[in-house]
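# Examining the three-dimensional arrangement
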Amino acid sequence: MAITTPETVVGSAPEGRIERPSGPASSRAARGKMMRRLTPYLFIAVAVGLLLLLTYWPAVNLIWYSFTDWDGLDLEKNFIGFDNYVQVFTDPRILQVFGVSLYYFAASFVQMGLALYFATILSFSTRFQNLFRGILFFPYLINGVAIGFVFLYLFQPGGTLDTMLSWFGVAEPPQWLGDPDIANWSLAGTSVWRYMGMNFVLFLGAIQSLPSELYEAAELDGASKWQQFWAIVFPGIRRVIGLSFILAVAGSLSVFEIPFIMTGGANGTSTFVIQTIQSAFNFRQVGLASAMAVVLLLIVLAVTWIQRRLFPDEKVDLT
């Protein structure tokens, strides 16, 4: 009787056939292969989990609160339907803040115009251009609270601005923050100085990404800098301008730091966000404040949709 050994079993395998490992070695290889497949999903799971926990779940709760009369303290939340949304669009106290947002909306166009002007000039060869770039971008790096206090001293009666105007013979300057007709313009001007650096960097990066051959060809054809701007720069950065427009609308409705620090919303300077915070924490109307936040979100989404319709993301061909 023939005795079968491991050597004879292995050797009896057909030629070219590879024997698979069995036992603990094969299980370790399978686990390692599975871990390699799961590793990317494990990294993504952490980010998605935090996003769901800290963003989407609070947003769902916010929408639910907007349909209740919750005061932020009681455990009971009574469902009242669309009453909060009706109050948002009928309460004169709330409608007034939409008018205040128009000041910042108008100032945002001034801000974008100045940013585009300086970005176009400093994108070409200019003396001390790096110094000027840093000066223009520096205000955006400063904390908004610090900027509020600096301009608070600037606009106060007898402050820096009044002193400078007195050098030019202005004996009775206006109340920059005390006069309701001027206060919003003063705050909007502060916002222009505060956020122009962000748009400046966006425009500057977009202009510098355009091919230099286009400028060389335009110069050979005798095009002036103004003609180069309208024929090359403006069409080439249309997408960035559209993005800045969306940010301008969202920013004009969500202004908070500067008016809150400088006036606290007094003298007709209360913005949409300040009114929302006061409704939630001062008047204990969390349901109404939640409805205001949802309305703000819907307005931004609507403006984004309109911008996409008017300026679609089409490929710009300048060649």
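For the structure given in this document, a descriptive report is provided here. This one's a predicted model, so the numbers in the text were calculated from it and none came from an experiment.

## With respect to the layout of surface pockets
Taken as a whole, the largest pocket spans an internal volume of roughly 350 Å³. Lining the largest pocket we find 22 residues, and of these Ser 191, Tyr 195, Leu 247, Gly 251 and Ser 252 sit closest to its centre. For the lining of the largest pocket, the elements supplying multiple residues, two or more each, are α4 (92-123), α8 (180-208), α11 (238-253) and α12 (257-262). Considered class by class, the residues forming the lining of the largest pocket number 13 nonpolar, eight polar and one charged.

## Describing the side chain of Ser 66
Within the fold, Ser 66 resides in the loop between α2 (24-65) and α3 (83-90). If we ignore the near neighbours within four places in the chain, the residues touching Ser 66 are Gly 81, Asn 84, Tyr 85, Gly 287, Ser 290, Ala 291 and Val 294.

## Observations concerning unusual backbone geometry
Despite not being glycine, Phe 128 has its phi angle at roughly 60°, a positive value. Secondary-structure assignment places Phe 128 in the loop between α4 and α5 (129-141). You can call Phe 128 exposed: its relative accessible area is 53%. In this model, Arg 284 sits at a positive phi of 55°, which is unusual for a non-glycine residue. Along the polypeptide, Arg 284 turns up in the loop between α13 (272-282) and α14 (286-310).

## Focus: the environment of Pro 157
Structurally, Pro 157 is set in the loop between α6 (144-155) and α7 (160-166). Taking C-alpha positions, Pro 157 is 8.6 Å from Pro 174, a pair spaced 17 residues apart along the chain. When residues no more than four places from it in sequence are discounted, the contact partners of Pro 157 are Asp 162 and Gln 175.

## Focus: the packing of helix α9 (residues 212-220) against helix α10 (residues 225-236)
As a packed pair, α9 and α10 sit with axes 11 Å apart at the nearest point and diverge in direction by 135°. The angle between α9 and α10 places the two elements in the oblique class. In the packing of α9 onto α10, the handedness of the crossing is right-handed. For the pair formed by α9 and α10, the contact residues are Leu 214, Tyr 215, Ala 218 and Glu 219 on the first element and Lys 225, Gln 228, Ile 232 and Val 233 on the second. For the contact of α9 with α10, the per-class residue count stands at five nonpolar, one polar and two charged.

## Some words on the nonpolar core
Phe 200, Phe 203 and Ile 237 are the most contacted members of the largest nonpolar core, which has 23 residues in total. Secondary structure elements with two or more residues in this core: α4, α8, α9, α10 and α11. Broken down by element, the residue count for this core peaks at six residues, all from α8. In this structure Phe 200 touches Ala 115, Phe 118, Ala 119, Leu 122, Arg 133 and Leu 136, once residues within four positions along its chain are discounted. Within the second largest apolar cluster, 15 residues are counted, among which are Val 100, Leu 187, Ala 188 and Val 192.

## What about the packing of α4 against α8?
Between α4 and α8, whose axes approach to 6 Å, the crossing angle comes to 40°. When you trace α4 past α8, the crossing you get is right-handed. Grouping the amino acids of the contact of α4 with α8 by side-chain chemistry returns 21 nonpolar, six polar and no charged.

So, how was this worked out
- Residues numbered from 1 in each chain as written.
- Predicted model: local features only at pLDDT ≥ 70, side-chain atom pairs only at ≥ 80, totals over all residues.
- Heavy atoms only, no water.
- 1 Å grid on protein atoms, 1.4 Å probe; cavity = no way out; pocket = protein on both sides within 12 Å on 5 of 7 lines; lining within 4 Å.
- Points joined across faces, edges and corners; volume = space filled by probe spheres on them.
- Helix = DSSP H or I, 4+ residues; strand = E, 2+ residues; numbered from the N terminus.
- Nonpolar A, V, L, I, M, F, W, Y, C, P; charged D, E, K, R; others polar.
- Contact = heavy atoms within 4.5 Å.
- Buried < 20%, exposed > 50% of the residue type's maximum accessible area, 1.4 Å probe, protein only.
- Axes fitted to C-alpha atoms, helices over the stretch in contact; angles between N-to-C directions.
- Parallel < 35°, antiparallel > 145°, perpendicular 65-115°, else oblique.
- Left-handed = near helix turned anticlockwise from the far one by under 90°.
- Core = buried A, V, L, I, M, F, W, Y, C linked by side-chain atoms within 4.5 Å.

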